[in-house]
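Below are the chains, spelled out letter by letter.
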Amino acid sequence: LFNDTEATSRRRQRNLRYPKNVPLPKLTEEQKRRKLQNLATADIGTFAPLSCNDPGLPTAVECESSPAGTLSSLVSAANGGEVIVPCGGCYVYDLPAGETNIGGLNILGKLYVPPNHKSTLLTPYVFVQGELEMSDTNPIAPENVSLRIVLTGTTDVMFAPADSNAGVAGTPFNAG
């Protein structure tokens, strides 16, 4: 049904905000910083990329050819608790096609999900303080289901920023 290139697909998604054939605006360093708000939209603080990921995290190609490790090894080491993707490295998502239940996911480094990877991750929360890269090249259709992340549970979860963001005003806070 859809056979667009990635650029056309991105343009289709943003066409309500930008006219066709107009490049996306470049972000300033200040705009690259992420601002979080709690449920009441109170100011939490401004977050910057983690200094432990300097000078930068590997590209997808670099991660596929020589990853720091796999998500399955981190899940095994967590023994049912929070899975932490360590700062400074890229880990490949290699969990099987069925459902995997973990105690939470905190991405400090980079988690790379290979294109079109089929899997379901059940977790009470996902905190992305580093990078999460995932994509799907198949047409959007009910029969084309790739990675699913299902948020579970009803207990409160505290978010505490890591590394260079540890002192951000308003943190730690209850993420719900």
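Residues numbered from 1 in each chain as written. Predicted model: local features only at pLDDT ≥ 70, side-chain atom pairs only at ≥ 80, totals over all residues. Heavy atoms only, no water.

**Remarks on the pattern of salt bridges**
Quick reminder of the rule: The rule for a salt bridge is simple: a side-chain nitrogen of Lys or Arg has to be within 4 Å of a carboxyl oxygen of Asp or Glu. By the criteria applied, helices consist of DSSP H or I runs no shorter than four residues and strands consist of E runs no shorter than two, each listed in order from the N terminus. Each residue is placed in one exposure class: buried if its accessible area under a 1.4 Å probe, protein chains only, is under 20% of its type's maximum, exposed if it is over 50%, and partly exposed if it falls in between.
Evaluation of the coordinates by the stated rule reveals two salt bridges. Of the charged contacts, one joins Lys110 and Glu131 as a salt bridge, the two residues approaching to 3.7 Å between their closest N and O atoms. In this pair, Lys110 sits in strand β8 (residues 110-113) while Glu131 sits in strand β11 (residues 131-134), placing the two residues 21 residues apart along the sequence. In this structure, the salt-bridge partner of Glu133 is Lys110, at a minimum N-O distance of 2.9 Å. Of this pair, Glu133 sits in strand β11 while Lys110 sits in strand β8; the two residues are 23 residues apart in sequence, bridging distant segments of the chain. Of the residues examined, Glu133 reaches a relative accessible area of 30% and is grouped as partly exposed. Where salt bridges share partners, they join Lys110, Glu131 and Glu133 into one cluster.

**Overview of the sheet that holds strand β7 (residues 105-107)**
This is how it is decided: Strands qualify as paired when DSSP identifies two bridges or more between them. Axis lines are fitted to C-alpha atoms, over the contacting stretch for helices. Their N-to-C directions set the angle, which ranges from 0 to 180 degrees. Residue contacts are defined here by distance: any two heavy atoms, one from each residue, within 4.5 Å place the two residues in contact.
Here three strands make up an open sheet; going across it, the order is β4-β7-β10 and the pairing parallel. What marks the edges here is a single partner per strand, and that holds for β4 (83-85) and β10 (126-128). Recorded for the sheet is a direction-independent mean angle of 10° between the axes of neighbouring strands. By the bridge criterion, three bridges tie β4 to β7 in an arrangement that is parallel. Bridging across to β7, Ile84 finds its partner in Asn106. Taken strand by strand, helix α4 (residues 71-78) contacts β4 and β7, and its axis lies near 140° from that of β4.

**Quick notes on the state of the cysteines**
Quick note on the threshold: Any two cysteine sulfur atoms within 2.5 Å of one another count as a disulfide.
For the structure shown, the criterion picks out two disulfides. Cys52 shares a disulfide with Cys87; S-S distance 1.6 Å. Across the disulfide from Cys52 to Cys87, rotation about the S-S bond amounts to roughly 55°, and the bridge is consequently right-handed. Within this pair, whereas Cys52 is found in the loop between β2 (43-47) and α3 (60-65), its partner Cys87 is found in the loop between β4 and β5 (90-92), the two being separated by 35 residues in sequence. The disulfide that involves Cys63 links it to Cys90, with 2.0 Å between the sulfurs. Since a negative S-S torsion denotes a left-handed disulfide, the Cys63-Cys90 link at about -95° is left-handed. Residue Cys63 is located in helix α3, and its partner Cys90 is located in strand β5; the two are separated by 27 residues in the primary sequence.

**Regarding a nonpolar patch on the surface**
Stated formally: In this scheme, patches are assembled from residues that exceed 30% relative accessible area and form no salt bridge. Like charges are connected within 9 Å, while nonpolar side chains (Val, Leu, Ile, Met, Phe, Trp, Tyr) are connected within 5 Å. Note on areas: Shrake-Rupley, 1.4 Å probe, and residue coverage restricted to the protein chains presented here.
Where nonpolar side chains cluster on the molecular surface, the patch consists of Val128, Leu132, Met134, Ile149 and Leu151 and spans about 400 Å² of accessible area. By the secondary structure assignment, Leu151 is in strand β12 (residues 148-151).

**Some points on the confidence of the model for the chain**
Rules: Residue-level confidence of the predictor is what pLDDT reports, using numbers from 0 through 100.
This prediction gives the chain a mean pLDDT of 82; 75% of its residues lie at or above 70. The element-level mean pLDDT for the chain is lowest in helix α1 (residues 6-14), coming to 46, with β4 highest at 98. Scored below 50 in pLDDT, residues 1-19 shows twelve contacts in the model against residues more than four places distant or in partner chains. Long-range and interchain partners of residues 37-41, a stretch whose pLDDT sits below 50, account for three contacts in this model, where long-range means more than four residues apart.

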